[in-house]
Amino acid sequence: MTSSHASSVFSALAPYGWDDAWADEFAPYDTEGLLPGRVIRVDRGQCDVVTAGGVLRADTAFVTPHDPLRVVCTGDWVAVEPGGTPRYVRTCLPRRTAFVRSTSSKRSEGQILAANVDHAIVAVSLAAELDLGRIERFLALAWESGAQPLVVLTKADLVPDPVTRAHLVQDVELSAPGVTVLPVSALHGDGLDLLVTTVSGGTSVLLGQSGAGKSTLANALVGADVMDVQATRDADGKGRHTTTTRNLLALPGGGVLIDTPGLRGVGLWDAETGVGQVFSEIEELARRCRFHDCAHEAEPGCAVLAAIESGALAERRLDSYRKLVRENQRIVAKTDARLRAELRKDWKRRGAEGKAAMEAKRGRRR
Ligand code: GDP
Ligand code: ZN
C-alpha cells in the first residue's frame, strides 16, 4: 500500500475499528489488490461490507466452509474483491473474539453470532428486583467470548435514593469480580457520559433480557432512533417486524455497536472458562482447599466452606456457581468437543494478540 492510500483507508475505516494490527494482518491481501472491510450484516450467502469506498455487497461462497463457526458474521474483517459479478469475499481475517451460540434444540453445532467484540454490555433493569443468577449467566457468556464485560444498571432514575442505588451497585459488584458496574438513566442522562467513553474504545454488544433497556441504550449511544424501542407499533397495532439494515454501527462518540437479533435472543452457551471468570473468587478459594478435587460439600480443610462460615462468601454465590457449572456441563455434553477446543485455542490466542496490540496503541497515544 502506498502511504497516502494506506492513510486514507485508515481514516475511512478507523471509525469501524480498523487499527495497525488489522492493517498488518491484511497486508498480504493488499498486495493481491483486495479491499479491506468490516461485515455490517450477513444475509443468506451474501453480506454487506463497509470499505473505505463505501458499503459493498459481496458473496460469501468462497469463505463459507461446512463448519458453521467459520461462517462470515457481523463484525468480521474481510478481504473483498474490488469488483466482479458477483463480487466475492476472499478471506476472513482471524477473529480476536467471538460470540457463539453453542447449541440449538436441533443441532449440536455452534452458531457464530458476532466477531471482534471488545465490550460486552450486560443491561440489567433496576425497575425489577435484581436477579443475580441471571446476571452471572450473562457474564459467563460475555467472558467466554473473549470480550470484557460491563454491567449497566438501566433505568437508574427509578431508584432515586443514592444510598439504595449504591447498595444495588454493590450487590452486583460482589457477583461480578473484575467487572465495572455502571448505573445509567437513559431518561435523565445520568451515567451516559461514562458509558459513551467506555464504548468509544472498541466494539460493543448489548446483552440482556427483553425489556432491560437495550434499545433505549442503543438509541442513546447512536443518537438517533435507529433501533426500535419495544413499544413501537405499526398502525395496525401489530408488533413491527424490524429489519435494521445495519447490524453494525459506528458511534458518533467513537467506537462501534453491534446489535443483531441473534445476540439479543442468546440464551444457551458453552462457557466453561466464562463461568470460572464470573466466580473467580470461588475458584481462588478452591485452590486453598486441602483436597484438590474438593467438592466443597463437607470435606475437611475446605476453604470455600470456611469462607461461607466466616461470611466472606455468600452461600448464594456457591449455589449459583454449582448451578451454572452443571448447566454448562449438560450443554458441553451435547456439543462437538473437538470443534470447541480448536475454536477456543484459536481466538484465545488471537484475543491475547489483539489486546497486546490495543495496549501498544494506547501506550503510543499517551
Ligand atoms: P429492550 O427490550 O432491552 O431493548 O428494552 P427497551 O429499550 O425497549 O426498554 C424497555 C422499556 O424500558 C421501555 O418502555 C423503555 O422506555 C423503558 N426504559 C428504558 N430505559 C429507561 C430509563 O432509563 N428510565 C426509565 N424510566 N425507563 C426506561
Ligand atoms: Zn473445598
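Our structure is the block above this text.
Residues numbered from 1 in each chain as written. Chains lettered and ligands numbered in written order. Predicted model: local features only at pLDDT ≥ 70, side-chain atom pairs only at ≥ 80, totals over all residues. Heavy atoms only, no water.

1. Quick word on the overall build of the chain
Across its full length, the chain carries 12 helices and 13 strands. For the chain, with 366 residues in total, the buried portion stands at 47%. In the chain, 67% of the contacts between residues at least 6 apart in sequence involve partners at least 24 apart. If you sum the accessible surface of the chain, you get close to 17900 Å²; carbon and sulfur atoms cover 53% of it. (Helix = DSSP H or I, 4+ residues; strand = E, 2+ residues; numbered from the N terminus. Buried < 20%, exposed > 50% of the residue type's maximum accessible area, 1.4 Å probe, protein only. Contact = heavy atoms within 4.5 Å. Areas by Shrake-Rupley, 256 points an atom, 1.4 Å probe, with all protein chains shown as cover.)

2. Examining the pattern of salt bridges
Inspection of every chain in the model, using the stated rule, returns 13 salt bridges. The partner of arginine 57 in a salt bridge is aspartate 48, and the shortest N-O contact between them spans 2.9 Å. For aspartate 48, a relative accessible area of 12% translates into the label buried. The partner of glutamate 281 in a salt bridge is arginine 317, with the nearest N and O atoms 2.8 Å apart. Here glutamate 281, found in helix 9 (residues 280–286), pairs with arginine 317, found in helix 11 (residues 315–334); they are 36 residues apart in sequence, far enough to count as distant. The exposure class of glutamate 281 is partly exposed, given its relative accessible area of 25%. (Salt bridge = Lys/Arg side-chain N within 4 Å of Asp/Glu carboxyl O.)

3. Notes on the sheet that holds strand 9 (residues 148–154)
Taken together, six strands build an open sheet; the order of strands is 10-9-8-11-13-12 and the sheet is mixed. A strand with exactly one partner marks an edge of an open sheet, and here the two such strands are strand 10 (180–183) and strand 12 (248–250). Neighbour-to-neighbour, the strand axes of this sheet turn through a mean angle of 25 degrees, independent of strand direction. In this sheet, strand 10 lies alongside strand 9 in parallel orientation, the contact comprising four bridges. Across the sheet, residue leucine 153 finds its bridge partner in strand 10, namely proline 183. Lying on the sheet, helix 3 (residues 132–145) is in contact with strand 8 (119–125), strand 9 and strand 11 (203–207); it crosses strand 9 at an angle near 150 degrees. Here helix 5 (residues 192–199) sits on the sheet and contacts strand 8, strand 9, strand 10, strand 11 and strand 13 (256–258); the angle it forms with strand 8, its principal contact strand, is near 155 degrees. (Pairing = 2+ DSSP bridges. Axes fitted to C-alpha atoms, helices over the stretch in contact; angles between N-to-C directions.)

4. So, the coordination of the zinc ion (ligand 2)
The zinc ion (ligand 2) binds to the protein through Cys289 (SG), Cys294 (SG), His296 (ND1) and Cys302 (SG); the donor distances cover 2.1 to 2.4 Å. Around the zinc ion (ligand 2) sit four donor atoms, and with donor-metal-donor angles ranging over 104 to 116 degrees the site reads as tetrahedral. Look at cysteine 289 and you get buried, because its relative accessible area is 8%. Taking the relative accessible area as the measure of exposure, histidine 296 reaches 10% and is therefore buried. (Donors = N, O, S within 2.8 Å, 3.2 Å for Na, K, Ca; no water. Tetrahedral: all angles 85-135°; square planar, octahedral: opposite > 155°, others 65-115°.)

5. Here's the deal with the site of ligand 1
Neighbouring ligand 1 are 17 residues; Asp157, Gly211, Lys214, Ser215 and Thr216 lie closest to it. Here a nitrogen atom of ligand 1 and a side-chain polar atom of aspartate 157 are 2.7 Å apart. Within the backbone of alanine 212, a nitrogen or oxygen atom sits 3.2 Å from an oxygen atom of ligand 1. The element best represented in the shell around ligand 1 is helix 6 (residues 214–222), accounting for three residues. Per-class residue counts for the shell around ligand 1 are five nonpolar, eight polar and four charged. (Near = heavy atom within 4 Å. Polar contact = N/O pair within 3.5 Å; in protein donor to acceptor, adjacent residues only side chain to side chain. Nonpolar A, V, L, I, M, F, W, Y, C, P; charged D, E, K, R; others polar.)

6. As for the pairing of strand 9
Within strand 9, six of the seven residues are buried, which leaves it mostly tucked inside the rest of the structure. Both strand 8 and strand 9 contribute to a ladder of seven bridges, which runs parallel. Paired with alanine 120 across the bridge in strand 9 is proline 149. Traced from strand 8 through helix 3 to strand 9, the parallel crossover comes out right-handed. (Right-handed = clockwise from strand over helix to strand, strands pointing away.)

7. Topic: the sheet that holds strand 4 (residues 77–80)
The strands making up a sheet associate through backbone hydrogen bonding, with each pair oriented either parallel or antiparallel. The sheet built from five strands is open, its strands ordered 3-2-1-4-5 with antiparallel pairing. Since the sheet does not close on itself, it has two edges, and those belong to strand 3 (54–59) and strand 5 (89–92), each with one partner. Strand-to-strand, the axes of this sheet are offset by a mean angle of 40 degrees, without reference to chain direction. Each of strand 1 (35–43), strand 4 and strand 5 touches helix 2 (residues 20–31); the most contacted strand, strand 4, lies at about 25 degrees to it.

8. With respect to the packing of helix 5 against helix 6
Their axes nearest at 11 Å, the elements helix 5 and helix 6 cross at an angle of 75 degrees. When the axis of helix 5 is compared with that of helix 6, the two are roughly perpendicular. Contact with helix 5, carried on its side by Leu192, Leu195, Val196 and Val199, involves Leu217, Ala220 and Leu221 of helix 6 and no other residues of that element. Counted by class, the contact of helix 5 with helix 6 contains seven nonpolar, no polar and no charged residues. (Parallel < 35°, antiparallel > 145°, perpendicular 65-115°, else oblique.)

9. So, the nonpolar core
Counting residues in hydrophobic clusters, the biggest one holds 61 residues, and the most contacted among them are Phe99, Leu139, Val151, Leu153 and Leu207. For this core, the element with the highest residue contribution is helix 3, accounting for eight residues. Val199, Leu206, Val222 and Leu257 belong to the second largest nonpolar core, which has 18 residues in total. (Core = buried A, V, L, I, M, F, W, Y, C linked by side-chain atoms within 4.5 Å.)

10. So, the environment of glutamate 283
Mapped onto the elements, glutamate 283 comes out in helix 9. What makes glutamate 283 partly exposed here is its relative accessible area of 31%. Taking the C-alpha atoms as reference points, glutamate 283 and tyrosine 321, 38 residues apart in sequence, are found 9.9 Å from one another. Those residues in contact with glutamate 283 that lie beyond four places of it in its chain are Gly276 and Tyr321.

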